[in-house]
Protein chains: 2
Amino acid sequence: MKIIIDAMGGDHAPAEILKGAAQAVKEYHVSIVAVGNAEKIAQAVKEHSIDMDQITIVNASEEISMCDEPTAAIRHKKDSSMVVGMRMLAAGEGDAFVSAGSTGALLAGATLIVKRLKGVKRPAIGTVIPGANHPFLLLDSGANVECRPEMLDAFATMGTVYMEKVLGVKQPKVALVNNGAEETKGTPTYVTAHALLKQNSNIQFVGNVEPKDIPQGDVDVVVCDGFTGNVILKLTEGLAKMLVGQIKGVFLKNALTKLAFLFVKDGMKDFKKKLDADEYGGALMMGVQHPVIKAHGSSNAKAFKNAIRQAKACVEGNVVNTMAEKLALTVPDGTEG
Amino acid sequence: MKIIIDAMGGDHAPAEILKGAAQAVKEYHVSIVAVGNAEKIAQAVKEHSIDMDQITIVNASEEISMCDEPTAAIRHKKDSSMVVGMRMLAAGEGDAFVSAGSTGALLAGATLIVKRLKGVKRPAIGTVIPGANHPFLLLDSGANVECRPEMLDAFATMGTVYMEKVLGVKQPKVALVNNGAEETKGTPTYVTAHALLKQNSNIQFVGNVEPKDIPQGDVDVVVCDGFTGNVILKLTEGLAKMLVGQIKGVFLKNALTKLAFLFVKDGMKDFKKKLDADEYGGALMMGVQHPVIKAHGSSNAKAFKNAIRQAKACVEGNVVNTMAEKLALTVPDGTEG
């Protein structure tokens, strides 16, 4: 299997990206095509003594930054690492593409270069988030700020395929985010979506999930529009960071509390690991013809390695084709989102 | 000052409600009218030896439960504690009304009995939430699942008045929840709202706030539609509960970790207090003619006492009239939400 990576995307590119790729080669037995500025790549490889076994470099002279307007960047920066990488993916020169670069640009590229599945208006972003009981998939976690009910229905189907094929969850439980358990709750869009989800034979729909219950991780697929999904994803990150910071403050208070930390250090480590989103890799752009994975912008080597593992699982699970099949089954007229 | 309370609303009514009222009388020098089933009240007073100085009881034979359809309950349960209490408020027989009962019924009652300010289509709920730096007001935190831009603009004005008058914040910073800092971010509603907020001379608008930054508490008024606000409020509650539970687990692991807890106990207590929403009382129904305050459904005596303190601050700060004045200034045609 050949995974194409964007060596220039993310806060710690290219060094951490390449280190993660090298680890992935060893652990997952994949081969890597690293697209990016060959000179900068060579320098990082030398500086960090990165083992480049099974990693091929493809030069790309430009880079897409977080400040670039996404669609314009994809259209005009034709020799950027992201555009070159996605062109290779579309041409079948690799099985999946992984980037820690701009989400907006990656979405635009997924649409314009990798192309959508027939009947999909815009890709959705599916992100795995750690929960108290088990991790869950949140989608759309930011791509579509406005969604029609049919789109939410399609997200449920795609999310089910993902959890089955990539995380190995049998009969994933699907829930719709809403401000109450009753099926009449929420905006007209959510009321209609609830009715569609009830009828969707591809999924196991368990009803609405109230926001307070989301962090428990009792359901496997959490469906919502991208505006709400972005709030859920980012608020979770921000709040966890804030709370962990506050607790750190408690332990740093004096010599006794510092001593106390030594006793709970291992437990805290386990706790942190459990809630570490990096463990689950990146977010999948759902609804495009080949697997495109967005690793977190702040990805270190471990996070990027896990995003590659996820890419491999998508390829092995034949996730894209299964989604295409199921979506066609769900909405026979092929007009869903 | 006379505060009317719903003695029957909430999970721990009437005992904790009455205990909170008795504490409020002592601490805040208010007098209380407790509306509810006189027999049950008398029993609770006896059982818990509650000091009823300055507390008058008004009998109401019915109760509105969490399962009642809100509007129907307000229309038909005419002798419920909530309806009787709000009728008294509307008739000027008290200065504010506080209830830990059903939010939906309270909203319906605020609209149908207490009546809206001229030009307000539906009341909004403003909830004070603890942040890392300081508490902030979130509105709408659940009343209006769909909002027009003009409504978001009115929320900003009302929120500013509240933070100035009740929490004593000078020139509160107002921000709009959005999935990015740029003013073009979000749905068309949010884009238009951003433009309105920029022009609103009643407020100090600091731009969009991204969900990850909300828990920091760097801004004072966080504006969004009620669907999003409900997600922010309830996800914050759920996530904090989940994380605190996980950390408890770390300390309960063995004898050493239990010992460690003794060293950090005080710090953890401070931490918990800082993040305790009960400290800030209840949520204000904004846009109605008299102060109506919703205390948390799980209110204990302390939480209910604080909700009464908040009601007193609303009356003393002349919050309702100030909001009415400012709203008329903001939207001269008086059609805003």
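Residues numbered from 1 in each chain as written. Chains lettered and ligands numbered in written order. Predicted model: local features only at pLDDT ≥ 70, side-chain atom pairs only at ≥ 80, totals over all residues. Heavy atoms only, no water.

You'll find chain A entered in an unreviewed UniProt entry as Phosphate acyltransferase, with Ruthenibacterium intestinale given as the organism. Entered under Subcellular location (unreviewed entry) in the UniProt record, the comment concerning chain A runs "Cytoplasm". (UniProt positions renumbered as here; feature names shortened; annotations may be inferred.)

Peer 1: Please clarify how unusual backbone geometry should be interpreted in this entry.
Peer 2: For residues besides glycine, phi is generally negative; the peptide bonds are generally trans as well. Between A:Ala13 and the following residue, A:Pro14, the backbone shows a cis peptide bond with an omega angle of -5 degrees. Tracing the backbone shows A:Pro14 in the loop between strand S1 (2-6) and helix H1 (15-28). The peptide bond linking B:Leu139 to B:Asp140 adopts the cis configuration, its omega dihedral lying at 0 degrees. Tracing the chain through its elements places B:Asp140 in the loop between strand S6 (136-139) and helix H6 (149-165). (Helix = DSSP H or I, 4+ residues; strand = E, 2+ residues; numbered from the N terminus.)

Peer 1: How do you make sense of a positive patch on the surface when you look at a structure like this?
Peer 2: On the surface, a cluster of positive charge is made up of A:Arg75, A:Lys78, A:Arg87, A:Lys115 and A:Arg116. Note that A:Arg75 resides in helix H3 (residues 70-76). (Patch = residues over 30% accessible without salt bridge, like charges linked within 9 Å, V, L, I, M, F, W, Y side chains within 5 Å. Areas by Shrake-Rupley, 256 points an atom, 1.4 Å probe, with all protein chains shown as cover. Salt bridge = Lys/Arg side-chain N within 4 Å of Asp/Glu carboxyl O. Lys, Arg positive; Asp, Glu negative; His and termini not counted. Charge placed at Lys NZ, Arg CZ, Asp CG, Glu CD.)

Peer 1: When you look at the sheet that holds strand S3 (residues 55-59) of chain B in this model, what are you seeing that I'm missing?
Peer 2: Paired through backbone hydrogen bonds, the strands of a sheet run either parallel or antiparallel to each other. Residue and element names in this part refer to chain B. Read across the open sheet, the 11 strands follow the order S3-S2-S1-S4-S11-S10-S5-S6-S9-S7-S8; overall the sheet is mixed. On the outer flanks of this sheet lie S3 and strand S8 (204-209), each paired with one strand and no other. Within the sheet, the average angular offset between the axes of one strand and its neighbour, ignoring direction, is 25 degrees. Examined bridge by bridge, strand S1 (residues 2-6) and strand S4 (residues 96-99) share three bridges and lie parallel to one another. Bridge pairing links Ile5 to Val98 in S4. Here helix H1 (residues 15-28) sits on the sheet and contacts S1, strand S2 (31-36) and S3; the angle it forms with S3, its principal contact strand, is near 145 degrees. Running at roughly 125 degrees to S2, helix H2 (residues 38-47) makes contact with S2 and S3 of the sheet. (Pairing = 2+ DSSP bridges. Axes fitted to C-alpha atoms, helices over the stretch in contact; angles between N-to-C directions. Contact = heavy atoms within 4.5 Å.)

Peer 1: Honestly, H1(A) in this entry has me stumped. Any pointers?
Peer 2: In an α-helix, one turn spans 3.6 residues, which is why side chains three or four residues apart end up on the same side. All names here are of chain A. For H1, built from 14 residues, the straight-helix expectation of 20 Å at 1.5 Å per residue is met to within 8% by its first-to-last C-alpha distance of 20 Å. Burial of H1 is extensive: 10 of the 14 residues sit out of reach of the surface. When H1 is considered as a whole, its buried residues turn out to be Ala15, Glu16, Ile17, Leu18, Gly20, Ala21, Ala22, Ala24, Val25 and Tyr28. Of the surrounding secondary structure, the elements contacted by the buried residues of H1 are S1, strand S2 (31-36), helix H2 (38-47), strand S3 (55-59) and helix H10 (301-316). Positive backbone phi, approximately 55 degrees, marks His29, located one or two places after H1. (Expected span 1.5 Å × (residues − 1). Buried < 20%, exposed > 50% of the residue type's maximum accessible area, 1.4 Å probe, protein only.)

Peer 1: Honestly, the pattern of salt bridges in this entry has me stumped. Any pointers?
Peer 2: Residues and elements named next belong to chain A. As enumerated under the stated definition, the model contains 20 salt bridges over all chains in all. Across the pair Lys19 and Glu16 runs a salt bridge, and its minimum N-O distance is 2.9 Å. Within this pair, Lys19 and its partner Glu16 are both found in helix H1, separated by three residues, close to a single helical turn.

Peer 1: Which parts of the structure should I look at to understand the relation of the copies chain B and chain A?
Peer 2: Between the two chain copies there is a screw-like relation: a rotation about an axis and a shift along it. Superposition of chain B onto chain A requires a rotation of 180 degrees combined with a translation of 0.0 Å along the rotation axis, giving an RMSD of 0.0 Å. The superposition of one copy onto the other is thereby described by a two-fold rotation axis. The rotation axis passes nearest to the C-alpha of B:Ala260 in chain B, at a distance of 2.2 Å. An overlap of 100% is found between the interface residues of chain B and their copies at the interface of chain A, pointing to a shared contact surface. (Least-squares fit on C-alpha atoms with pLDDT ≥ 70 in both.)

Peer 1: How should I be thinking about the sheet that holds strand S8 (residues 204-209) of chain A in this particular structure?
Peer 2: All names here are of chain A. Read from one edge of the open sheet, 11 strands run S3-S2-S1-S4-S11-S10-S5-S6-S9-S7-S8, paired in mixed fashion. Whereas interior strands pair on both sides, the edge strands pair on one side only; in this sheet they are S3 and S8. The average angle at which neighbouring strand axes cross in this sheet is 25 degrees, direction not considered. In this sheet, strand S9 (residues 221-223) lies alongside strand S7 (residues 173-177) in parallel orientation, the contact comprising three bridges. Within the sheet, the bridge partner assigned to Leu176 lies in S9 and is Val223.

Peer 1: Where do I start with the packing of helix H8 (residues 226-251) of chain B against helix H9 (residues 255-274) of chain B in this structure?
Peer 2: For any two helices packed against each other, one specifies the inter-axial angle together with the distance between the axes. Residue and element names in this part refer to chain B. In contact at an axis separation of 9 Å, H8 and H9 are set at 140 degrees when each is read in the N-to-C sense. With respect to each other, H8 and H9 are oriented oblique. Contacts from Ile247, Val250 and Phe251 in H8 reach Thr257, Lys258, Ala260, Phe261, Val264 and Met268 in H9. Of the residues belonging to the contact of H8 with H9, the class tally is seven nonpolar, one polar and one charged. (Parallel < 35°, antiparallel > 145°, perpendicular 65-115°, else oblique. Nonpolar A, V, L, I, M, F, W, Y, C, P; charged D, E, K, R; others polar.)

Peer 1: I keep staring at the interface of chain B and chain A and nothing clicks. Help me out?
Peer 2: Interface extent is often summarised as the accessible area lost during association of the parts. Listed as interface residues are 46 residues of chain B and, on the opposing side, 46 residues of chain A. Taken together, both faces of the contact between chain B and chain A bury some 4,400 Å²; the carbon and sulfur share is 81%. On the chain B side of the contact with chain A, B:Phe227, B:Leu235 and B:Phe263 bury the most area, a combined 15% of that side's loss. Scanning the region where chain B abuts chain A turns up two salt bridges. The residue A:Lys253 makes a salt bridge to B:Asp270 at a minimum N-O spacing of 3.9 Å. When contributions to the side of chain B that touches chain A are tallied by element, the ones reaching two or more residues are helix H7 (188-199), H8 and H9 of chain B. Here the element with the most residues in the side of chain B that touches chain A is H8(B); it accounts for 17 residues. Here the residues of the side of chain B that touches chain A sort into 27 nonpolar, 13 polar and six charged. (Buried area = accessible area lost by both parts, 1.4 Å probe.)

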